Protein chains: 2
Amino acid sequence: MDSKKIEKISRAISDPSRIQILQQFRKRRECLYCAEIHDMLDLAQPSISHHLKQLVDADLLLPEKEGRNLKYVLNKPVLNEYIAFLSSLEG
Amino acid sequence: MDSKKIEKISRAISDPSRIQILQQFRKRRECLYCAEIHDMLDLAQPSISHHLKQLVDADLLLPEKEGRNLKYVLNKPVLNEYIAFLSSLEG
DNA sequence: TTTAAACATTCAAATGTTTCGATATATTAG
DNA sequence: CTAATATATCGAAACATTTGAATGTTTAAA
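Since the structure is predicted, the reported quantities are computational estimates derived from the model, not experimental observations.

**Remarks on the protein's contact with DNA strand D**
Line of reasoning, step 1. Neighbouring DNA strand D are 21 residues, the closest being S47 and H51 of chain A together with Q45, S49 and L70 of chain B.
Line of reasoning, step 2. Sugar and phosphate atoms represent 63% of those atoms of DNA strand D found within 4 Å of the protein.
Line of reasoning, step 3. At a separation of 2.4 Å, a phosphate oxygen of DNA strand D approaches a polar side-chain atom of H51 of chain A.
Line of reasoning, step 4. Broken down by secondary-structure element, the contributors of at least two residues to the surface near DNA strand D are α4 (45–57) of chain A together with α3 (34–40), α4 (45–57) and β3 (69–74) of chain B.
Line of reasoning, step 5. Among the elements that make up the surface near DNA strand D, the one with the highest residue count is α4 of chain A (four residues).
Line of reasoning, step 6. Considering only residue class, the surface near DNA strand D consists of eight nonpolar, seven polar and six charged.

**Things to note about the nonpolar core**
Line of reasoning, step 1. I13 and L86 of chain A together with I13 and L86 of chain B are the most contacted members of the largest nonpolar core, which has 52 residues in total.
Line of reasoning, step 2. In contact with L86 of chain B, other than residues within four places in its own chain, are I13, L79, Y82, I83 and L86 of chain A.

Reading the values: the criteria
Residues numbered from 1 in each chain as written. Chains lettered and ligands numbered in written order. Predicted model: local features only at pLDDT ≥ 70, side-chain atom pairs only at ≥ 80, totals over all residues. Heavy atoms only, no water. Near = heavy atom within 4 Å. Polar contact = N/O pair within 3.5 Å; in protein donor to acceptor, adjacent residues only side chain to side chain. Helix = DSSP H or I, 4+ residues; strand = E, 2+ residues; numbered from the N terminus. Nonpolar A, V, L, I, M, F, W, Y, C, P; charged D, E, K, R; others polar. Core = buried A, V, L, I, M, F, W, Y, C linked by side-chain atoms within 4.5 Å. Buried < 20%, exposed > 50% of the residue type's maximum accessible area, 1.4 Å probe, protein only. Contact = heavy atoms within 4.5 Å.

The structure is reproduced here in structure tokens:
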């Protein structure tokens, strides 16, 4: 994983709302629906759309269309690559 | 590790110069001198000072004064806590 | 086919970040 | 003590991010 991607992933995680979204994957290991995120974050819809875009663009979340709804799953391989990069710093 | 700290660490890592600084700890497992960072980053001295402050404030680097020089060591326990948080997302 | 629901995009305001010149502080050398 | 070196702080310019109102798009229901 190159520096540019490390930067993008880190930036994606560096926001309270986006951390809150990611934390949902601890409790529920299934997918997360856009509407559920709207319920749990006290933000306007365009803001939530923006935050989800950051996470998807960083490749941390994979979007799946389901009719007119959208659900997200955690991209574990990418998360693991990011973790591997961090571990590699320790020598 | 609480969300606020996750946010701060992520933000500290979300910059090309700061990633470059952190990557130095892969090659050399010893400490890193401020002057060495100045040599490797094509930035003015106040900018480097700023970036190092971000990393120290996020608790990723521990500063040690040595005369009029300053050296930094990687804060492995904090890095490991951050990694543990990320791992916990995978359920 | 009209209507409504779910999500995305655009735009602008507010706020935060990065960068560097100038300057300040601390430490060491002479 | 004075001069030089290493690092920090301040202030301002440039740039990026966050937020929501308004609006657009897509899909499903009636």
